[in-house]
Amino acid sequence: MSDATSVTVRYWAAAKEAAGLAEEQVSATTLADALAHARARHADRPRFSHVLGLSSLLIDGDPVGSRDPATIRLGDGARIEVLPPYAGG
């Protein structure tokens, strides 16, 4: 992956608990790449993939929504926020 960039993945609430850390750096060209790297790094934490799949994602503060992660290119230094659903308000 010669055009991979360094991005920060930041985990909040249940995602932070499931990952066992607040943030990490990954190399990726697309959001799909970044998520795949994160899943692989936390393969020993079974709850992580489940929580990640339920979470809303922001890239540099912009919601990803229902866009296909494989079509979302990441710039160098991008910040991915992983926001799991929560009860209350």
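Within each chain, residues carry numbers counting from 1 in the order of the written sequence. Whole-chain, interface and lining totals are the exception, using all residues; otherwise, since this is a predicted model, local features are given only for residues with pLDDT of at least 70 and side-chain atom pairs are given and counted only at 80 or more. The basis for the side-chain values is all heavy atoms of the structure; hydrogens and waters are excluded.

**Brief notes about the pattern of salt bridges**
Move 1: Salt bridge, as applied in this entry: a Lys or Arg side-chain nitrogen positioned within 4 Å of an Asp or Glu carboxyl oxygen. One pass over the structure, following the stated rule, counts 4 salt bridges.
Move 2: With its nearest N and O atoms 3.8 Å apart, the salt bridge here joins Arg 10 to Glu 23. In this pair, Arg 10 sits in strand 1 (residues 5-11) while Glu 23 sits in strand 2 (residues 23-28), placing the two residues 13 residues apart along the sequence.
Move 3: Residue classification places Glu 23 among the partly exposed positions, given a relative accessible area of 37%.
Move 4: Here the residues in one salt-bridge network are Arg 10, Glu 23 and Arg 79, joined through shared partners. Strands are runs of DSSP state E lasting at least two residues, helices are runs of H or I lasting at least four, and both sets are numbered from the N terminus onward. Using a 1.4 Å probe on the protein chains alone, a residue whose accessible area is under 20% of its type maximum counts as buried, one over 50% counts as exposed, and one in between counts as partly exposed.

**Thoughts on the sheet that holds strand 1**
Move 1: Strand order in the open sheet made by the 5 strands is 2-1-5-3-4, with mixed pairing throughout. For this open sheet the edge positions go to strand 2 and strand 4 (62-63), each flanked by a neighbour on one side alone.
Move 2: Here, any two strands with at least 2 DSSP bridges between them count as paired. Where strand 1 meets strand 2, 6 bridges bridge the pair, whose relative direction is antiparallel. The residue of strand 2 that forms the bridge with Thr 5 is Ala 28.
Move 3: Between two residues, a contact is recorded if the distance between any of their heavy atoms is within 4.5 Å. Every angle, taken between N-to-C directions, lies between 0 and 180 degrees, and every axis is a line fitted to C-alpha atoms, over only the stretch in contact when it is a helix. Here helix 2 (residues 31-41) sits on the sheet and contacts strand 1, strand 2, strand 3 (56-59) and strand 5 (79-83); the angle it forms with strand 2, its principal contact strand, is near 125°.

**Remarks on the pairing of strand 1**
Move 1: Here strand 1 lies mainly inside the structure; 5 of its 7 residues are buried.
Move 2: Inspection of the sheet shows strand 1 paired to strand 5 by 4 bridges, in the parallel sense. The residue of strand 5 that forms the bridge with Val 9 is Ile 80.

**So, the packing of aromatic side chains**
Move 1: Pairing of aromatic rings covers Phe, Tyr and Trp, the last through its six-membered ring, and needs centres within 6.5 Å; plane angles under 30 degrees mean stacked, over 60 mean edge-to-face, and all others mean tilted. For the coordinates displayed, the defined rule picks out 1 aromatic pair.
Move 2: Aromatic side chains Tyr 11 and Phe 48 sit 5.6 Å apart centroid to centroid with 80° between the ring planes, which places their arrangement in the edge-to-face category. Here Tyr 11, found in strand 1, pairs with Phe 48, found in helix 3 (residues 46-54); they are 37 residues apart in sequence, far enough to count as distant. Accessibility assignment for this pair places Tyr 11 and Phe 48 in one class, buried.

**Quick look at the packing of helix 2 against helix 3**
Move 1: Viewed as axis vectors pointing N to C, helix 2 and helix 3 meet at an angle of 155°, and their least axial separation amounts to 9 Å. Relative to helix 3, the element helix 2 lies roughly antiparallel. Crossing handedness for the pair helix 2 and helix 3: right-handed. Packed against helix 2, whose contacting residues are Leu 35, Ala 38 and Arg 39, the element helix 3 presents Phe 48, Ser 49, Leu 52 and Gly 53 at the interface.
Move 2: For this scheme, ten residues count as nonpolar: Ala, Val, Leu, Ile, Met, Phe, Trp, Tyr, Cys and Pro. Four count as charged, namely Asp, Glu, Lys and Arg, and the remainder, Gly too, count as polar. Here the contact of helix 2 with helix 3 is built from residues that sort into 4 nonpolar, 2 polar and 1 charged. We call two directions roughly parallel when the angle between them is under 35 degrees, roughly antiparallel when it is over 145, roughly perpendicular when it lies between 65 and 115, and oblique otherwise. Crossings are sorted by hand: turned counterclockwise from the far helix by less than a right angle, the near helix makes the crossing left-handed, and turned clockwise it makes it right-handed.

In short, the description is geometric, and any link to function would need to be established separately.
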